[in-house]
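What follows is each chain in one-letter form.
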Amino acid sequence: DTGVSQDPRHKITKRGQNVTFRCDPISEHNRLYWYRQTLGQGPEFLTYFQNEAQLEKSRLLSDRFSAERPKGSFSTLEIQRTEQGDSAMYLCASRGEGGANTGELFFGEGSRLTVL
Amino acid sequence: GNSVTQMEGPVTLSEEAFLTINCTYTATGYPSLFWYVQYPGEGLQLLLKATKADDKGSNKGFEATYRKETTSFHLEKGSVQVSDSAVYFCALSDRRGYQKVTFGTGTKLQVIP
């Protein structure tokens, strides 16, 4: 179990550019979540995948945001035409199924985006 | 919708002091409750959890009891250490559906020697 990994850890971009983040969940976990965290705030839910199906999207996820999980393993989060307000830490989390499932999430270390 | 309210920080304590961080929640149904911790430069990690009323979660000397009647899940530690300095997040998860986790805004704890 290597944990949840995210790449890149840091991304600095100019306003208007596109960026893509990758998340590799724990291998046996079929549920994957993206969150966004801004300074001084708690993580805010963005979207949820069960296997390859995207089952829920927050209204925080504007049309410029798109997430995929093509084979039910890794996931990508793309932001098009970035704005300064997109600057945040993007967190990925995963968890598996199970009879004793209590909803605990396992988080990666996050991808920090800075839009200049 | 679900929400979590926790006391604002920062909280500054001397080593060996008693810690309480208050957390209350609003939820439909019967959620699971968590405390997550974020140490400087690290990712979020689960500190403790409780899944039903009157359950007490505990880990690393921290405790929290699921109080359904007051919709609370306050975090306590009898004697804090400098290494406990971190940001603490109270959170809840629906036990049905997609079970997404809803977080509070976090409370920064600084422990001074």
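Conventions we followed
- Residues numbered from 1 in each chain as written.
- Chains lettered and ligands numbered in written order.
- Predicted model: local features only at pLDDT ≥ 70, side-chain atom pairs only at ≥ 80, totals over all residues.
- Heavy atoms only, no water.
- Salt bridge = Lys/Arg side-chain N within 4 Å of Asp/Glu carboxyl O.
- Helix = DSSP H or I, 4+ residues; strand = E, 2+ residues; numbered from the N terminus.
- Buried < 20%, exposed > 50% of the residue type's maximum accessible area, 1.4 Å probe, protein only.
- Pairing = 2+ DSSP bridges.
- Axes fitted to C-alpha atoms, helices over the stretch in contact; angles between N-to-C directions.
- Polar contact = N/O pair within 3.5 Å; in protein donor to acceptor, adjacent residues only side chain to side chain.
- Contact = heavy atoms within 4.5 Å.
- Buried area = accessible area lost by both parts, 1.4 Å probe.
- Nonpolar A, V, L, I, M, F, W, Y, C, P; charged D, E, K, R; others polar.
- Disulfide = S-S within 2.5 Å.

Engineer: I'm lost on the pattern of salt bridges in this one. Help?
Structural biologist: Where charged atoms from two side chains of opposite charge approach closely, those side chains can pair. Under the criterion given, the structure shown has 10 salt bridges over all chains. For the salt bridge of A:Glu56 with B:Lys100, the shortest nitrogen-to-oxygen distance reads 2.8 Å. Of the two residues, A:Glu56 is situated in strand β6 (residues 53-57) and B:Lys100 in the loop between β10 (86-93) and β11 (101-103); the pairing between them involves two chains. Taking the relative accessible area as the measure of exposure, A:Glu56 reaches 22% and is therefore partly exposed. The partly exposed category is assigned to B:Lys100, whose relative accessible area is 23%. We note a salt bridge from A:Glu83 to A:Arg64, for which the minimum N-O separation is 3.4 Å.

Engineer: Just checking my understanding: could you explain the sheet that holds strand β8 (residues 62-65) of chain B for this structure?
Structural biologist: Two modes of strand pairing occur in sheets, parallel and antiparallel, and in both the strands are linked by backbone hydrogen bonds. Residue and element names in this part refer to chain B. The sheet built from 4 strands is open, its strands ordered β3-β9-β8-β7 with antiparallel pairing. Every other strand in the sheet has two partners, leaving β3 (19-21) and β7 (56-59) as the edge strands with one partner each. The sheet shows a mean angle of 15° between the axes of neighbouring strands, direction not considered. Pairing of β3 with strand β9 (residues 75-77), which is carried by 3 bridges, proceeds in the antiparallel orientation. Bridge pairing links leucine 19 to lysine 77 in β9.

Engineer: Would you explain the side chain of A:Ser58 in this entry?
Structural biologist: Residues and elements named next belong to chain A. When you line up the elements, serine 58 lands in the loop between β6 and β7 (65-68). When its relative accessible area of 14% is taken as the criterion, serine 58 is described as buried. Polar contacts involving the side chain of serine 58 include one to the main-chain amide nitrogen of leucine 60, which spans 2.9 Å.

Engineer: Any chance you could explain the pairing of strand β8 (residues 75-79) of chain A here in plain terms?
Structural biologist: Each regular strand shows side chains that alternate between the opposite faces of the sheet. Residue and element names in this part refer to chain A. Burial runs high along β8: 4 of the 5 residues are buried. With 5 bridges connecting them, strand β3 (residues 19-24) and β8 associate as antiparallel partners. Note on β8: the bridge partner recorded for phenylalanine 21 is leucine 77. Bridge count for β7 against β8 is 4 bridges, and the pairing is antiparallel. Bridging across to β8, alanine 67 finds its partner in leucine 77. Connecting β7 to the antiparallel partner β8 that follows it, the hairpin turn spans 6 residues, and glycine 72 within it adopts a positive phi of roughly 75°.

Engineer: What am I meant to see in the interface of chain A and chain B here?
Structural biologist: Interface size, as often reported, equals the accessible area lost upon joining of the parts. Tallying the contact residues gives 22 residues for chain A and 19 residues for chain B. Taken together, both faces of the contact between chain A and chain B bury some 1,700 Å²; the carbon and sulfur share is 52%. Linking chain A to chain B there are 2 salt bridges. Counting residues per element, the ones that place at least two in the side of chain A that touches chain B are β4 (31-37), β5 (44-50), β6 and β9 (88-95) of chain A. The biggest single contributor to the side of chain A that touches chain B is β4(A), with 4 residues. Split into classes, the residues belonging to the side of chain A that touches chain B amount to 9 nonpolar, 8 polar and 5 charged.

Engineer: What am I meant to see in the sheet that holds β7(A) here?
Structural biologist: All names here are of chain A. Sheet architecture is open: 4 strands sit in the order β1-β3-β8-β7, paired in antiparallel fashion. A strand with exactly one partner marks an edge of an open sheet, and here the two such strands are β1 (5-7) and β7. Mean inter-strand twist for the sheet, computed between neighbouring axes without regard to direction, equals 15°.

Engineer: How do you make sense of the environment of B:Pro10 when you look at a structure like this?
Structural biologist: All names here are of chain B. Within the secondary structure, proline 10 sits in the loop between β1 (3-6) and β2 (11-14). Exposure remark for proline 10: the relative accessible area of 61% places this residue in the exposed category. As a C-alpha pair, proline 10 and alanine 50 span 40 residues in sequence and 25 Å in three-dimensional space.

Engineer: Could you clarify how one ought to interpret the state of the cysteines in this entry?
Structural biologist: Disulfides are covalent bonds that connect the sulfur atoms of two cysteines. Residue and element names in this part refer to chain A. If you walk through the whole model with that rule in mind, you get 2 disulfides over all chains. A disulfide bridge connects cysteine 23 with cysteine 92, and the sulfur atoms are separated by 1.9 Å. Looking down the S-S bond of the cysteine 23 and cysteine 92 bridge, the torsion is -70°, so its handedness is left-handed. Taken as a pair, cysteine 23 in strand β3 and cysteine 92 in strand β9 lie far apart in primary sequence, 69 residues in all. Accessibility classification places cysteine 23 together with cysteine 92 in one group, the buried group.

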